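# Descriptive structure summary
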Amino acid sequence: MTTQSTYENILFDVNNGIATLTLNRPEVFNAFNEQQSFDVMDALKKVEKDKSIRVLILTGAGKAFCSGQDLKAISGMKERSLAESLQKRYNPMILAMRNLPVPIICKLNGVAAGAGASMVLACDMVVASETASIIEVFVNVGLVLDSGSSYFLPRLVGSARAFELSTMGSKVTAQQAYDWGMINRVVKPEDLDAETMKIAEYYQNAPTKAIALMKKMLNKSFQSDLDTMLEYEMYCQEIAGRSNDNKEGVAAFNEKRKPQFKGN
């Protein structure tokens, strides 16, 4: 069954446990205005609350994924606080993505620049078209990394490469991004939908509760030592071990059949 929600600047639908969020301002390469930020945050809240959703696909309409902040939309504003914009719009969006208890697959259909690049890096898996690219474009307008890029980028590519990409605004092709460990798959443009759906269907049928716990564990590992993670693994494993999916997985193993996970 497919359900759709009406928004001004995004498309959002849910089909058999797979949610798809499409940034929908193609005339400006899906650049963010205020309303698009709030639309995305509202959709993420819906995903979090809807226990039938087991995976989220994030993509852009038209030729681009997202070109970052819409600079024309703010050109007439005087004394605009960038800190306030980050606090109210971008930071909550990135935190919501990382805290979402389902995997987020980025279907990277075109260029991702600025905050758009940050969104890509905040996803759990990225499938990119060969024609896609990622650009930390902030330096070109005299700004610094934001929306989490200063956190994700050096962890993915190392400090030397992160400094170069940040301070030179270098364009990273999809193949380079794959080679450097920034993304998971690179496919021909005509294969992007099928490859993304193949991964989404895997998560649609996977043990969702265990995957949500693993997402939390991997988030926590960035700031933790081994002792802390060993303790947290025990805590999470106790929860996973009490899930219906664990019972089903053990039963399926013993009965030599494929498990039918329900996500709880």
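Presented here is an overview of the structure given in this document. Here the residue index of a chain counts from 1 through its sequence in written order. Reporting of local features is limited, given that this is a predicted model, to residues whose pLDDT is at least 70; pairs of side-chain atoms are given and counted only at 80 or more, and all residues count toward the totals for whole chains, interfaces and linings. Hydrogens and waters are ignored; side-chain quantities use all the structure's heavy atoms.

### A short note on the nonpolar core
We call a set of buried Ala, Val, Leu, Ile, Met, Phe, Trp, Tyr and Cys residues a nonpolar core when their side-chain atoms join them within 4.5 Å. Classification of residues uses two cut-offs on accessible area relative to the type maximum, computed with a 1.4 Å probe and protein chains only: under 20% is buried, over 50% is exposed, and between them is partly exposed. The biggest cluster of nonpolar side chains holds 50 residues, and the ones touching the most others in it are Phe-12, Leu-21 and Leu-108. The helix count covers DSSP runs of H or I at least four residues long, the strand count covers runs of E at least two residues long, and both are numbered beginning at the N terminus. Of all the elements, helix 4 (residues 115–122) adds the most residues to this core, at 6 residues. Residue contacts follow a heavy-atom distance rule, with two residues in contact if any of their heavy atoms lie within 4.5 Å. If we ignore the near neighbours within four places in the chain, the residues touching Phe-12 are Thr-3, Gln-4, Ser-5, Tyr-7, Ala-19, Thr-20, Leu-21, Ala-43, Lys-46, Val-47 and Leu-56. Listed in part, the 13 residues of the second largest apolar core include Val-55, Ile-57, Val-127 and Leu-192.

### What about the sheet that holds strand 8 (residues 133–135)?
By the convention used here, strands pair only if DSSP detects at least 2 bridges between them. Spatially, the 3 strands line up as an open sheet ordered 6-8-9, and their pairing is mixed. The sheet is open, and its two edges are formed by strand 6 (111–113) and strand 9 (171–173), each paired on a single side. Taking the axes of each pair of neighbouring strands and ignoring which way they run, one obtains an average angle of 20° across the sheet. Judged from the 3 bridges that link them, strand 8 and strand 9 form a sheet pairing that is antiparallel. Bridging across to strand 9, Ile-134 finds its partner in Val-172. Fitting a line to C-alpha atoms yields each axis, with helices limited to the stretch in contact; the angle taken between N-to-C directions then spans 0 to 180 degrees.

### As for empty space enclosed by the protein
Only protein atoms enter the 1 Å grid used here. Points where a 1.4 Å probe fits but cannot escape make up a cavity, open sets with protein on both sides within 12 Å along at least five of seven lines make up a pocket, and a residue lines them when an atom lies within 4 Å of a point. Grid points are joined across faces, edges and corners, and a volume is the space filled by probe spheres set on the points. Counted by the stated rule, this structure contains 1 cavity of 30 Å³ or more. A volume near 30 Å³ is recorded for the largest cavity. Along the walls of the largest cavity sit Leu-121, Ile-134, Ile-135, Glu-136, Leu-153, Leu-165, Val-172 and Met-182, which together make up its complete lining. Residues are grouped as follows: Ala, Val, Leu, Ile, Met, Phe, Trp, Tyr, Cys and Pro are nonpolar; Asp, Glu, Lys and Arg are charged; all remaining types, including Gly, are polar. Each residue belonging to the lining of the largest cavity can be placed in one class, and the counts come to 7 nonpolar, no polar and 1 charged.

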